[in-house]
Amino acid sequence: MADLSTDLGFLRLRNPVLTASGTFGYGTEFLPFLDLAAVGGIVVKGLYFGPREGNPPPRLVETASGLINAIGLQGVGVERFAADVLPELRRRDTAVIVNVCGSGDEEYYRVIEFLDGHEGIAAYELNISCPNVKRNGACPAMDPRATREIVAGAKRRSRRPVIAKLSPNVTDIASIARAAEDGGADGISLINTLLAMAVDLDTRKPKLGNVLGGLSGPAIKPVALRMTYQAARAVKIPVIGMGGICTGRDALEFMLVGARAVQVGTANFVDPASAARIVREIGDYCDARGLARAADIVGTLKTGL
Amino acid sequence: MADLSTDLGFLRLRNPVLTASGTFGYGTEFLPFLDLAAVGGIVVKGLYFGPREGNPPPRLVETASGLINAIGLQGVGVERFAADVLPELRRRDTAVIVNVCGSGDEEYYRVIEFLDGHEGIAAYELNISCPNVKRNGACPAMDPRATREIVAGAKRRSRRPVIAKLSPNVTDIASIARAAEDGGADGISLINTLLAMAVDLDTRKPKLGNVLGGLSGPAIKPVALRMTYQAARAVKIPVIGMGGICTGRDALEFMLVGARAVQVGTANFVDPASAARIVREIGDYCDARGLARAADIVGTLKTGL
Amino acid sequence: MRREPAARIIGKRSWGDFHLLRLESPDLAAGASPGRFLMIRTSDGFDPLLRRPLSLHDAGDVWIELFFRVAGRGTALLAKKKEGETLDCLGPLGRGFRMDGFGAGRTAWLIGGGRGVAPLYYLARTLISRGAGVRVFYGGKTSAEIPLREKFESAGIPLDCATDDGSFGFAGFVTALLERALEGGRPDGLFACGPDAMMKRTGRMALGLGLPAQLSLEAVMGCGFGACWGCVHRIKKDDGGQWRKICEDGPVFGADEILWEEA
Amino acid sequence: MRREPAARIIGKRSWGDFHLLRLESPDLAAGASPGRFLMIRTSDGFDPLLRRPLSLHDAGDVWIELFFRVAGRGTALLAKKKEGETLDCLGPLGRGFRMDGFGAGRTAWLIGGGRGVAPLYYLARTLISRGAGVRVFYGGKTSAEIPLREKFESAGIPLDCATDDGSFGFAGFVTALLERALEGGRPDGLFACGPDAMMKRTGRMALGLGLPAQLSLEAVMGCGFGACWGCVHRIKKDDGGQWRKICEDGPVFGADEILWEEA
Ligand SMILES: Cc1cc2nc3c(=O)[nH]c(=O)nc-3n(C[C@H](O)[C@H](O)[C@H](O)COP(=O)(O)OP(=O)(O)OC[C@H]3O[C@@H](n4cnc5c(N)ncnc54)[C@H](O)[C@@H]3O)c2cc1C
Ligand SMILES: Cc1cc2nc3c(=O)[nH]c(=O)nc-3n(C[C@H](O)[C@H](O)[C@H](O)COP(=O)(O)OP(=O)(O)OC[C@H]3O[C@@H](n4cnc5c(N)ncnc54)[C@H](O)[C@@H]3O)c2cc1C
Ligand SMILES: Cc1cc2nc3c(=O)[nH]c(=O)nc-3n(C[C@H](O)[C@H](O)[C@H](O)COP(=O)(O)O)c2cc1C
Ligand SMILES: Cc1cc2nc3c(=O)[nH]c(=O)nc-3n(C[C@H](O)[C@H](O)[C@H](O)COP(=O)(O)O)c2cc1C
Ligand code: FES
Ligand code: FES
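Residues numbered from 1 in each chain as written. Chains lettered and ligands numbered in written order. Predicted model: local features only at pLDDT ≥ 70, side-chain atom pairs only at ≥ 80, totals over all residues. Heavy atoms only, no water.

Student: Explain the overall build of chain A here, please?
Tutor: Along the backbone of chain A there are eight helices and 16 strands. A globule of 305 residues ought to have a C-alpha radius of gyration of about 19 Å, and chain A, at 18 Å, matches this closely. Considered along the principal axes of its C-alpha atoms, chain A spans approximately 55 × 50 × 40 Å. Considering only intrachain contacts with a sequence separation of at least 6, the fraction spanning at least 24 residues in chain A is 72%. Carbon together with sulfur atoms contributes 48% to the accessible area of chain A, which is approximately 9300 Å² in total. (Helix = DSSP H or I, 4+ residues; strand = E, 2+ residues; numbered from the N terminus. Rg over C-alpha atoms; globule rule 2.2 N^0.38 Å. Contact = heavy atoms within 4.5 Å. Areas by Shrake-Rupley, 256 points an atom, 1.4 Å probe, with all protein chains shown as cover.)

Written out as structure tokens, the structure is:
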């Protein structure tokens, strides 16, 4: 059996497969379908400081090989998370990464400061790239300076590693990745969803309550792979890739272009055991090819450049 | 029968359906499949001044509901185009728009100056957004200033209307759209392809000879619709929308968010009669709904904003 | 660990756009109860991407039945499946109808429109087997849209039909038929499934009369098991409302819990 | 105006991964000639998005045949199609084999590997009907990969088989078998279809011996009719080479025209 363990520097994972924030609930929703100890770790649903209502429905539109969502980060807030969810997750043998949200920089910091007082969290993933909250889809990860500042602010306050989650809705992903690195991020993860829209021709209304939403799923994989490749070449900190990953081969492709770990998102909805299956498929691929360590594939793409 | 005619200000079209550059050859390839007089007009394959070799194969990769291409604008150059293709197109009753390419600003201008000496062209579409030529995917349409300057330069030289074709690979499409308008563009068209990548896990090589390519097709429609919406709200000049349009309903959705005309791209490959079918489907929809003029739907989306 | 059972189609009937499939699956049958649903893959590829929710139309010891109407691409693909093929199903999911208290001497009226009748057959059978009195109100646009009427009748389930065009039974909405029936008598509870407008109207009627009513709601579902938060509906809470998940907290809610948005 | 004929499947045979479909279509049959191909939709949805190229395996007055091997998702979907269903086909497309000069007293050797044998049956039949002498060299990895040998034999077409594992006929590559045969005699021309490596080798052999050879090339095709410029191969021009479209200028090229990239 190939060695699937993955070293992010700030965190060692049993295998490179994490579940993506917002697509895996608080983890507990998936207990009927998979063993949380089978995946490398889970990134829980984005948390604001307080509970959030989220956007009015409809919140989802299916598109060709994709899904647009405008959930708007409905959630329970840090207090209930720490009281109800964390104890449950601590009993499972898995790395828990908390996806941190905020309406302004200060809220991100408050979430971190609060959670720093609780055990059972391996790292924070700063969600500076959610396109569903503001109606024009703007977010800090669209600007290098805003990215660097919020990451630096989070790092100053946090006793835990901080991963910056980047947006694909930018001209130059390399410069944003470098800004996150400059701000002191321990790693970056990408991509969040592509800003998108769907309309109902007959009613002449947007199909989403929020007008705009974020596109995910297999449709975006080619863009996600390109951005992961560009980001991985731009920084030295570890890169976590995602976007449309549905199979072990998909996951290994992201590793090939430079991702040290991956996240599985929309695929969890289609097949709730996806993440565990992908781990198995990575192992099977390595075994079939005689690869002793899955991590050896990271960044080995031959571009002839 | 509903009135499908479309007024772009600088150009009146029999209907709002154009064929997208690079997906309709020089038009003549489609004569066995459709009557060029059935579509609003055709945008021919991108032209550099001289003949171009294009990229090494493989040049295409199919993805989930999408297609990545890295053709690299192989083409015959303006002289052979004017000598061999234009006379053939002049005999067909259709508006011909030439997609103008250049390695630097000067080449764009030379193409325009040369073609200005020939009849049978309705407008130029400045392809300032092709991601396939440079290996990092950069292009003028990624920067507002470069966009404004090249558009202004083209306008100064051209005796014909100039449409700026924009790239989706930007943080803020509205600012690029405004830059094109400031530069004097008569219209804008969008989106060109999303910068993308595919790799072969087994050989560990990129699947495209050019490493990076451009993603098109139904997969990108939700992003294209969003950008068309944002661009149409940002400028007063007419907007031509495209990206994944396969049916009359798709076309009408782009019109609903503000496009005065649309272009059909990848769909031409799947069904070479697509553009003519889409025209029919628009007519049928209008008739079924009792809409007297298709143009009345333009920009009528009710967002409640 | 719950697996996704690949269930084999062992029976199929079709009436125009409406189709009934019987699937062999002890796993699915084991978790069955009226009002619960399955999430079903309709294609091997990524288009359509998401599973589609379908209610349990009936269930036995080793089989379950689905009854659906072609509404778009997913259900059209499903309609093409033939006996002997397998379906990739997830479930049963959700909280179904609560039947406690509905035993001998109690009466339940079930109201369904179009495809919304799907879960009511199973519910009617189950209530009857518990000794409750059942009456089903079944509506559609035309007589072709109430294809299950013979199935109900041959099972001995009392049935009142309504068609918008009067081509069969009462001429008008099934809610109007119900309204008329309520003038003549009162059941101990209402159970309804159908489009939002029908649910809203049935709920209002029940609240007005002080009758307990359970309504099965629909929404586009991303996952079906509570993970995506895509399927919410406004449900009463304290003095206000709260978005709750239809797939997990429902799809069946009490009429008194549901808040309807202004149109 | 050429339409896309929806052709009905009127016959089907399968050997493991290999499948043969007979389609009824006067339109497709009308444009048929050996070496030309169809572009075929494999799904109603957008995934897979593009049509797939398949050669004409045979053609009559109102029918054509396809022979293919499952290579991925598109061909797997195609393999699931049943008699009575229709296929959305575009074509025939491309420039096929040039048979002028191949009449009575002339001999043609045809070389095919795996799925590459598909167009050679039609070509062999046509050359024979013109009076030419034909010999077919047919290779595969194992005996299971040369399923058409009986079909060739019962049509009375002289056949030499090769399998990599020696499970049937000559043990080794079909090009090695050809090489041996060429030691014993020379045809007037070679016609080949198969993977690039085989085409390259066959072409080299032919050029070395000064034998005219026509090779049918493959490439991923976006459109199949010359519009996308996706399917190019390097073809000789003046002193250098030029990317030419396989779908339009080919798929059949003279061995002397083709330039092979260094690997
Ligand atoms: C809990 C639950 C149980 C259901 N049980 C049944 C059943 O037993 N029989 C049956 O025929 N149908 C049932 N439905 C509805 C069924 O799920 C939809 O008709 C189906 O998902 C449509 O998929 P499609 O691909 O055919 O159509 P699409 O092309 O996806 O959509 C067609 C139209 O239906 C709308 N739509 C899509 N999904 C839903 C949805 N989940 N709810 C409401 N509208 C939707 C779309 O907005 C669109 O207007 C149920 C829905 C839910 C939520
Ligand atoms: C002119 C022409 C005629 C052909 N005739 C036949 C025929 O008669 N019988 C037959 O079995 N096959 C034929 N092929 C090959 C056939 O088109 C491919 O096997 C098919 O397109 C693969 O589609 P898929 O969806 O099953 O596989 P995919 O999942 O698309 O791909 C599977 C593998 O095949 C490769 N591939 C995909 N498309 C092509 C292609 N067009 N050429 C070469 N490799 C490809 C992919 O890169 C991948 O490695 C022909 C190809 C061409 C160009
Ligand atoms: C329904 C839904 C909710 C999401 N919520 C969050 C979130 O709370 N925080 C976040 O950083 N990303 C969120 N995302 C983005 C995903 O984590 C991921 O970046 C994206 O979906 C791309 O991966 P995929 O294509 O595998 O889904 C959400 C995505 C979906 C589909
Ligand atoms: C094979 C191919 C070649 C293209 N060549 C050009 C080109 O020469 N000039 C250009 O402006 N756009 C080119 N495009 C982009 C299209 O014109 C269009 O903007 C894009 O494909 C999105 O539309 P679609 O999804 O309908 O294809 C090309 C696209 C494809 C698929
Ligand atoms: S459908 Fe995903 S939470 Fe209900
Ligand atoms: S496949 Fe499109 S040009 Fe050949």
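Student: Which parts of the structure should I look at to understand the interface of chain C and chain A?
Tutor: Interface extent is often summarised as the accessible area lost during association of the parts. With 29 residues of chain C at the interface, the matching set in chain A holds 34 residues. Across the chain C to chain A interface the summed buried area is about 2600 Å²; carbon plus sulfur atoms make up 64%. In terms of surface lost to chain A, no three residues of chain C exceed Leu-49, Trp-229 and Trp-243 of chain C, which account for 26% of the buried area on that side. The interface formed by chain C and chain A holds two salt bridges in total. (Buried area = accessible area lost by both parts, 1.4 Å probe. Salt bridge = Lys/Arg side-chain N within 4 Å of Asp/Glu carboxyl O.)

Student: Mind showing me how you'd approach the site of ligand 4 here?
Tutor: All names here are of chain B. Inspection of the region around ligand 4 gives 23 residues, with Ser-21, Lys-165, Gly-217, Gly-244 and Thr-266 positioned closest. A distance of 3.1 Å separates an oxygen atom of ligand 4 from a polar atom in the backbone of Gly-265. Protein contacts shield 97% of the accessible area of ligand 4, which totals 600 Å² for the unbound molecule. (Near = heavy atom within 4 Å. Polar contact = N/O pair within 3.5 Å; in protein donor to acceptor, adjacent residues only side chain to side chain.)

Student: How should I be thinking about the domain arrangement of chain C in this particular structure?
Tutor: Residues and elements named next belong to chain C. By domain assignment, chain C separates into domain 1 (2–93) and domain 2 (107–254). Computed from C-alpha coordinates alone, the two centres of domain 1 and domain 2 are separated by 21 Å. Tallying the contact residues gives 23 residues for domain 1 and 23 residues for domain 2. Summed over both sides, the interface of domain 1 with domain 2 buries roughly 2000 Å², with 66% coming from carbon and sulfur. If you sort the residues of domain 1 by the area they bury against domain 2, Pro-34, His-57 and Phe-67 come out on top, with a joint share of 26%. Inspection of the region where domain 1 meets domain 2 yields three salt bridges. For Lys-151, the salt bridge goes to Glu-65, with nearest N and O atoms at 2.8 Å. Inspection of the domain 1/domain 2 interface yields eight residue pairs in polar contact (both at pLDDT 80 or more). Contributing elements (two or more residues each) for the side of domain 1 that touches domain 2: strand S2 (18–24), strand S3 (37–40), strand S4 (52–55), strand S5 (58–59), strand S6 (63–69) and strand S7 (86–93). The element that contributes the greatest number of residues to the side of domain 1 that touches domain 2 is S6, accounting for three residues. Class assignment for the residues of the side of domain 1 that touches domain 2 results in 15 nonpolar, four polar and four charged. (Domains from an automatic or database assignment. Nonpolar A, V, L, I, M, F, W, Y, C, P; charged D, E, K, R; others polar.)

Student: Would you explain the pattern of salt bridges in this entry?
Tutor: Two side chains carrying opposite charge are able to pair once their charged atoms lie near each other. Residue and element names in this part refer to chain A. Tallied over the entire structure, the rule returns 68 salt bridges over all chains. Glu-253 serves as the salt-bridge partner of Lys-221, at 2.9 Å between the closest nitrogen and oxygen. Of this pair, Lys-221 sits in helix H5 (residues 221–234) while Glu-253 is found in helix H6 (residues 248–256), placing the two residues 32 residues apart along the sequence. For Glu-253, a relative accessible area of 9% translates into the label buried. When salt bridges with common partners are traced through the structure, they connect Asp-116, Glu-119, Arg-159 and Arg-160 into a single cluster. (Buried < 20%, exposed > 50% of the residue type's maximum accessible area, 1.4 Å probe, protein only.)

Student: So what exactly am I meant to see when it comes to the sheet that holds strand S10 (residues 159–163) of chain C here?
Tutor: What links the strands of a sheet is backbone hydrogen bonding, and the strands pair in either a parallel or an antiparallel sense. Residues and elements named next belong to chain C. Strand order in the open sheet made by the seven strands is S11-S10-S9-S8-S12-S13-S16, with mixed pairing throughout. Every other strand in the sheet has two partners, leaving strand S11 (170–171) and strand S16 (252–254) as the edge strands with one partner each. Across seven bridges, strand S8 (residues 107–113) lies against strand S9 (residues 133–140) in parallel orientation. Within S9, the residue paired with Trp-109 across the bridge is Arg-135. Running over the sheet, helix H3 (residues 118–129) touches S8, S9 and strand S12 (189–193) and is turned about 170° from S8. (Pairing = 2+ DSSP bridges. Axes fitted to C-alpha atoms, helices over the stretch in contact; angles between N-to-C directions.)

Student: So what exactly am I meant to see when it comes to the interface of chain B and chain A here?
Tutor: Listed as interface residues are 49 residues of chain B and, on the opposing side, 49 residues of chain A. Carbon and sulfur atoms make up 64% of the area that chain B and chain A hide from each other, which totals about 4200 Å². Linking chain B with chain A are four salt bridges, by the criterion used here. The partner of Asp-202 of chain A in a salt bridge is Arg-289 of chain B, and the shortest N-O contact between them spans 3.2 Å. The tally of links from chain B across to chain A stands at 18 residue pairs in polar contact (both at pLDDT 80 or more). Elements represented by at least two residues in the side of chain B that touches chain A include exactly strand S11 (194–197), strand S12 (199–200), strand S13 (205–206), strand S14 (212–216), helix H5 (221–234), helix H6 (248–256) and helix H8 (274–289) of chain B. By residue number, the principal contributor to the side of chain B that touches chain A is H5 of chain B, which donates six residues. Here the residues of the side of chain B that touches chain A are counted per class, giving 29 nonpolar, nine polar and 11 charged.

Student: Would you mind showing me how to read the site of ligand 1 here?
Tutor: Residue and element names in this part refer to chain C. Near ligand 1 you find 19 residues, and of these Arg-52, Pro-53, Gly-74, Thr-75 and Ala-219 are the closest. Interatomic distance of 2.9 Å between a backbone N/O atom of Arg-69 and an oxygen atom of ligand 1. Contacts to ligand 1 include Arg-115, whose side-chain N or O atom sits 2.8 Å from an oxygen atom. The protein chains hide 76% of the 850 Å² of surface that ligand 1 would expose on its own.

Student: Looking at this structure, how should I read the packing of H6 of chain A against helix H8 (residues 274–289) of chain A?
Tutor: Residue and element names in this part refer to chain A. At a minimum axis separation of 8 Å, H6 and H8 run at an interaxial angle of 70°. It follows that H6 is roughly perpendicular to H8 by the angle criterion. Seen from H6, the contacting residues are Gly-248, Arg-249, Ala-251 and Leu-252; seen from H8, they are Ile-278, Glu-281, Ile-282 and Tyr-285. (Parallel < 35°, antiparallel > 145°, perpendicular 65-115°, else oblique.)

Student: Got a minute to help me understand the relation of the copies chain B and chain A in this structure?
Tutor: One copy of the chain maps onto the second through a rotation around an axis plus a translation along that axis. Rotating chain B by 180° and moving it 0.0 Å along the rotation axis overlays it on chain A with an RMSD of 0.0 Å. Taken together, the rotation and translation relating the two chain copies correspond to the operation of a two-fold axis. Looking at the interface residues of chain B, 100% of them are also at the interface in chain A, so both copies use one shared face. (Least-squares fit on C-alpha atoms with pLDDT ≥ 70 in both.)

Student: Help me understand the nonpolar core in this model?
Tutor: As a rule of thumb, nonpolar side chains are buried together in soluble globular proteins. Ranked by size, the top nonpolar core spans 288 residues in total, and within it Phe-81, Val-98 and Ile-188 of chain A together with Phe-81, Val-98 and Ile-188 of chain B carry the most contacts. Excluding residues that lie within four positions of it along the chain, Val-98 of chain A makes contacts with Val-44, Leu-47, Phe-81, Leu-115, Ile-121, Ala-123, Tyr-124 and Glu-125 of chain A. (Core = buried A, V, L, I, M, F, W, Y, C linked by side-chain atoms within 4.5 Å.)

Student: Help me understand helix H5 (residues 174–184) of chain D, please; the structure alone is not making it clear to me.
Tutor: In an α-helix, one full turn covers 3.6 residues, which means residues spaced three or four apart are oriented alike. Residue and element names in this part refer to chain D. Listed in full, the buried residues belonging to H5 are Val-174, Thr-175, Leu-177, Leu-178, Ala-181 and Leu-182. Axial view of H5: buried residues confined to an arc of 150°, hence all on one face. Opposite the buried face of H5, by more than 90 degrees, sit the exposed residues Arg-180, Glu-183 and Gly-184. Close packing links the buried residues of H5 with strand S8 (107–113), strand S9 (133–140), strand S10 (159–163), strand S11 (170–171), strand S12 (189–193) and helix H6 (196–209). (Arc of directions from axis to C-beta.)

Student: What is the right way to read the side chain of Ser-129 of chain A from this model?
Tutor: All names here are of chain A. Relative to the helices and strands, Ser-129 resides in the loop between strand S8 (123–127) and helix H3 (144–157). What makes Ser-129 buried here is its relative accessible area of 0%. Within the structure, Ser-129 has its side chain in polar contact with the backbone oxygen of Lys-165 (distance 2.9 Å). Excluding its chain neighbours within four sequence positions, the residues that come into contact with Ser-129 are Cys-139, Ala-141, Lys-165, Leu-166, Ser-167 and Asn-192.

Student: Looking at this model, I keep getting lost on the environment of Arg-226 of chain B. Mind explaining?
Tutor: Following the sequence through the fold, Arg-226 of chain B ends up in helix H5. Between the alpha carbons of Arg-226 of chain B and Gly-283 of chain B there is a distance of 24 Å; along the sequence they are 57 residues apart. The residues touching Arg-226 of chain B, leaving out its near neighbours within four places in the chain, are Asn-169, Leu-195, Ala-196, Met-197 and Leu-212 of chain A. A distance of 2.8 Å separates a polar atom in the side chain of Arg-226 of chain B from the backbone oxygen of Leu-195 of chain A.

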